[in-house]
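Analysis of the macromolecular model
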Amino acid sequence: MLDVTDLDAYYGLSHILFGVCLRASRGEVVALLGRNGAGKSTTLKAIMGLVPPARGRVIFRGEDITGRPPHVICRKGIGFVPEDRRIFPDLTVWENLEVGRSAEGNGERRWTAERAFELFPALKELARRRGDSLSGGEQQMLAIARTLMGNPDLLLLDEPSEGLAPLVLRTMAEHILRLKLAGITILLSEQNLHFATRVSDRAYILEKGRIQYEGSMGDLGKSREVLRRYLMV
Amino acid sequence: MVETPLLEVRDVWKAFGGVQAVAGVSLTLPRGEVRALIGPNGAGKTTLLNLLTGQLACDGGVVLFKRERISGLPPERIWRRGISRTFQVTATFASLTVLENVQVAILSHQGRSRDLFSRTGRLAREAALDFLKRVGLEDQAENVCASLSFGDLKRLELAIALANEPELLVLDEPTAGMAPQERMDLMALAVTIVRDRAVSVLFTEHDMDVVFAAAERIMVLHQGRVIAEGTPQAVRDDPQVQAIYLGGLA
Amino acid sequence: MALLIVQLLTGLANAMFLFLVASGLSLIFGVTRIVNFAHGSFYMLAAYLASTLVTALPLGPSSFYAAVILAPLGVALLGGLIEVCLLRRIYRAPALYQLLLTFAVVLVIGDAVKFFWGTENRTGPSPPGLSGSVPILGQLFPTYDLAILLLGPLFALVLWWMLHRTRWGILIRAATSDREMVGALGVNQTWLFTGVFVLGTWLAGLAGALQMPRVALTTVMDSTVIVETFVVVVLGGMGSAFGALLGAVLIGVLQAFGILWLPREFHLAIVFILMAAVLILRPWGLLGRPEAETPPPGGAVGLGAGRRLRAPGWVWAGGLLLAVVLPPLLPAYYVWVLVEILALALFAASLQLLVGTGGMLSFGHAAYFGLGAYGAALLMKRAALPMPAAFGVAPLVAAAAALLFGAFCVRLSGVYFAMLTLAFAQIAFAIVHQWYDFTGGDNGILGVWPSASLATPVRYYTLALLATALGLGFLWRVTGSPFGYTLRAARDHPRRCQAIGVNLRAHRLLAFGVAGLCAGLGGAIFAFSKGSVFPDYLSMPMSVQSLVMVLIGGIHALTGASVGAAVYKLLDIVITKYTGYWQAVLGGILACLVVAFPHGLVGFVQARWTRMRTSLG
């Protein structure tokens, strides 16, 4: 479904990604692990076209989307949920969803506000509240719901667990697994290994802009050495 | 007799919209202590530092420095009281040379930043070179800051932060984005420099190796609250910290 | 009592026009982050266009209403064209270049109006069916104003409905807080931007067309309205349509009562005081929110060269020698041209300190040049000071004004700063322009000649050369001083600079004062060389000219400004030989410069240079 090869990217003058290769197959949940500043966010942003890739290819469903503008990539079926959520603060929850709504894609399984509220019932009661009045967990749910409104086949989640309370974390993991059941492919970046282990099938480990490890989540859990070396656990 | 703490933070709060970033943090920092502030992304570490150094205003609570209230003061006044800092995203003056970056800070400390007539070239040059030497950048003195490598920029920021001979040094992820060995070196350097003059340090850091090597005490922040504080060993063994911060697999 | 109510209603009617213009400006800014200086030009163009359409359309009485509908549409179409052809290319450029481009449009439209409609004031026809007056509490109130009073709130409601109840409006509001995220959610920003620009321009055009029967159409209505609009949005808060409404009502009502109680010269003063009060309490306006985005490195002007190009010593020596030896050999006319170049060089160099070294986008620098000139003239004519004393004191007048205005400007940054400097400059212009008893209004002040001992061209040139050398030397010294370096540090990274103990406002204010002083000296040199002073010296085109000179010479080098001034003046002389529409030509040059080199000429040369060096290994 997604095939990234030899991706290089710069942020301003600093070289962040060095030849990153990764792939995600249909229906998979793939985790991108690594410490702060390892290049996880930049990888997702480069796929989404928010950071122009300097070198390399991003192939989505057989089509080269390298360096296309974000709105084009979004319409091809990739949804992006940024690390800081970036909820529109002046807009109500419902209006935030409306911004993400797209008439294209996904046939009869099109996302609507009602369907998003089914997935995140907590949001329904907040529909008329302003974005900046939501708590961190609510914002994260809204950010995901808003992206779903564009009917993505591939969801890029940047640090979905960040700043969430343990209890909220558990429900968030359930939400992600439910999205997987709904047939959405997910690529997520994570620092919280525990959380990543719960939701993902496979993992990549990024260190200083390079992929250092690739394998199934089960294998990774057994590789104490890898965990200690790259993730400090 | 109990020595008065250098920094005393009493129940500070800060919210952004609906998100409570810092929720009632209190801490006391004795003179000369090196303390790490750790916690997952979004725990409120940077926000707390910004509250201490005046980049943000507290919603509630008080910050005392040497028994005087500094909360509510603008950053430049807090700096003049003796608190200096570095930023998470490296902040230097890109169009100036390395030497000039430090000179500007020293001249500000000397109260000469409004001097309209002197030539800057030789002013505070020796002192600036001295600071550069301490961080190992003297060879780069004449280079434009924009041409420095990432690690060197971090060193330069440290030199700038030292320019006012601070009593408290606040470092926001001083080693982020550096190679592992570089990280240890830089932090070791910072600790050596401050040890000489009994400067207190409060720093945030993600690299646990660096934290455990440099910090005398560690505070763990989660969702804007302090959930643990103690010696590195005590914090490492704290089950709550393991569950929340270290991912529960350690 | 009745009089007060009628006056209140008049104020509210005026407020409705201001609201239409300001909400358009605010919407465009909210989404594109560009302060469109040409917004007032669209307003003026629509008014003129409507007045022509009324007579040209063969529809009898209803041609008035057809004109009021068609003119804004035509202007909106033009706005769309400008967005697609020009603005779209520079959304990522530093703010300076964006503002300059819209300024170029101001100049071109200004000359176009003069070309098609002449410079005579025009009056629009009265609106059929609404031409009389209605009695309100025994006072007569124009029927048309009453209609506007009813129409205004209706427009506000429609606008509110559109922004909150249509998908397009929701997208506009979303883009106002986070453009990039809107793009990542699949919205094509390009067309959103164009759409908002067209809508905003239409609102300005609508206000202009509706204004047509109420006021005399003049070729300065663009700058008058843009200044009032800036004041309204600074008051209400940029990007907030409701802020625009609130600001417009405040200003409209305040002006209406000001007319009643205060002499004409002070009308602007009350607006000024209100704005000052609001800025002290809420620097981001009544309903605006503080700018969350961190400024790009180098602030609004982009990052400068680390190493300056240094001209070799012989170039300096040669230049100085020529400047001393050559003039006595030249015909008088050329000596006067040289004097003018000296005055402009000082003017441009003082602006360079603000824009280049300080990263502060002043778009109203002519105010201090003009106040220096007027200071000299008034001190000599009204205070009866001898010419040398007037010459020496005049710069202090300009510096005092710079410190006064600057005290408010430095509370803001980036485009807000630019807007406010322009607004203050226009206020100074309006005072000089309207205060006939003191400044002579647009007749200016004549007979401002140097004293007898300095009256020959070469002698006055020598004085000018000495004064300019003194001024440039001072600026050079300041640039290299600890203060100059601190100013650069504040430009490169304001937050870092604060965190090394620098009070940004105090430093920027000092820079403002220094720049005002030197600009004032330039103005004094200029005044005595011309023998007269006119309000034009403080005008918006004059401010733009100074920016163009700085741009030609390179923003980041002090010496560049002098070179820029010389090149500019010579261009001026050549071009005015062929056409009376110098402003339009200037605007054209400016637009080409900005669109071709969106990161500045120097940035362009730097990039080329780096590329050349890397390709050579």
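Scroll up to find the structure this text is about.
Let me begin by describing the structure that accompanies this report. Everything quoted here is computed from the prediction, not taken from an experiment. (Residues numbered from 1 in each chain as written. Chains lettered and ligands numbered in written order. Predicted model: local features only at pLDDT ≥ 70, side-chain atom pairs only at ≥ 80, totals over all residues. Heavy atoms only, no water.)

Of the regular secondary structure elements, chain B holds nine helices and 10 strands. Here chain B has a C-alpha radius of gyration of 18 Å; the compact-globule value for 250 residues is 18 Å, and the two agree. Judged by the C-alpha coordinates and their principal axes, chain B covers about 55 × 45 × 40 Å. Across the 250 residues that make up chain B, the buried fraction comes to 58%. Expressed as a percentage of contacts within chain B between residues at least 6 apart in sequence, the contacts between residues at least 24 apart total 66%. Looking at chain B as shown, the accessible area adds up to about 9600 Å², and 50% of this sits on carbon and sulfur atoms. The positive charge centre, built from 27 side chains, and the negative charge centre, built from 30, are 6 Å apart in chain B. (Helix = DSSP H or I, 4+ residues; strand = E, 2+ residues; numbered from the N terminus. Rg over C-alpha atoms; globule rule 2.2 N^0.38 Å. Buried < 20%, exposed > 50% of the residue type's maximum accessible area, 1.4 Å probe, protein only. Contact = heavy atoms within 4.5 Å. Areas by Shrake-Rupley, 256 points an atom, 1.4 Å probe, with all protein chains shown as cover. Lys, Arg positive; Asp, Glu negative; His and termini not counted. Charge placed at Lys NZ, Arg CZ, Asp CG, Glu CD.)

Okay, the pairing of strand β4 (residues 60-65) of chain B next. All names here are of chain B. As defined by bridge partners, strand β1 (residues 7-16) adjoins β4 across five bridges and the pair is classed as antiparallel. Paired with Arg-10 across the two strands is Val-62, which belongs to β4. Adjacent in sequence and paired antiparallel, β4 and strand β5 (residues 68-69) are bridged by two residues, among which Lys-66 carries a positive phi angle near 50 degrees. (Pairing = 2+ DSSP bridges.)

Our next topic: the environment of Leu454(C). All names here are of chain C. Mapped onto the secondary structure, Leu-454 falls in the loop between β5 (445-446) and α18 (457-480). Each C-alpha atom of the pair Leu-454 and Met-387 lies 9.6 Å from the other, and the pair is 67 residues apart in sequence. In this structure Leu-454 touches Met-387, Arg-459, Tyr-460 and Leu-463, once residues within four positions along its chain are discounted.

The subject of this paragraph is the pattern of salt bridges. This model, assessed by the stated rule, comprises 40 salt bridges over all chains. For Glu8(B), the salt bridge identified is with Arg10(B), shortest N-O distance 3.2 Å. For Arg10(B), a relative accessible area of 42% translates into the label partly exposed. For the salt bridge of Asp111(C) with Lys114(C), the shortest nitrogen-to-oxygen distance reads 3.9 Å. With Asp111(C) and Lys114(C) both in helix α4 (residues 95-117) and three residues apart, this pair spans about one turn of that helix. Exposure remark for Asp111(C): the relative accessible area of 5% places this residue in the buried category. For Lys114(C), a relative accessible area of 24% gives the class partly exposed. Each of Glu33(B), Arg35(B), Arg217(B) and Glu229(B) takes part in one network of salt bridges that share partners. (Salt bridge = Lys/Arg side-chain N within 4 Å of Asp/Glu carboxyl O.)

Let us now look at the pairing of strand β3 (residues 29-33) of chain A. Looking along a regular strand, one sees the side chains alternate between the two faces of the sheet. Residue and element names in this part refer to chain A. Along β3, five of the five residues are buried, which leaves the element largely enclosed by surrounding structure. Across the two faces of β3 the burial is the same, with Val-29, Ala-31 and Leu-33 and Val-30 and Leu-32 all buried. Summarising the sheet, β3 and strand β8 (residues 185-190) pair through five bridges and their orientation is parallel. Paired with Leu-33 across the bridge in β8 is Glu-190. Direction of pairing for β3 relative to strand β9 (residues 202-207): parallel, over a ladder of four bridges. Following the sheet pairing, Leu-33 is matched in β9 by Ile-205.

Attention now goes to the environment of Ile193(B). All names here are of chain B. Here Ile-193 is to be found in helix α6 (residues 180-196). A relative accessible area of 7% means that Ile-193 is categorised as buried. On a C-alpha basis, the gap between Ile-193 and Leu-73 in space is 28 Å, while along the polypeptide they are 120 residues apart. Leave out the neighbours within four places in its chain, and Ile-193 touches Arg-134, Val-135 and Leu-162.

Interface size, as often reported, equals the accessible area lost upon joining of the parts. Across the boundary between the two partners, chain B contributes 34 residues, which contact 33 residues of chain C. Here chain B and chain C share an interface that buries about 3000 Å² over both sides, 61% of which is from carbon and sulfur atoms. Here chain B is connected to chain C by one salt bridge. For Glu157(B), the salt bridge goes to Arg496(C), with nearest N and O atoms at 2.8 Å. At the junction of chain B with chain C, the criterion picks out 18 residue pairs in polar contact (both at pLDDT 80 or more). Of all the elements in the fold, those that place two or more residues in the side of chain B that touches chain C are α2 (75-81), β6 (83-86), α3 (98-109) and α5 (150-162) of chain B. The biggest single contributor to the side of chain B that touches chain C is α3(B), with five residues. When its residues are assigned to classes, the side of chain B that touches chain C shows 15 nonpolar, nine polar and 10 charged. (Buried area = accessible area lost by both parts, 1.4 Å probe. Polar contact = N/O pair within 3.5 Å; in protein donor to acceptor, adjacent residues only side chain to side chain. Nonpolar A, V, L, I, M, F, W, Y, C, P; charged D, E, K, R; others polar.)

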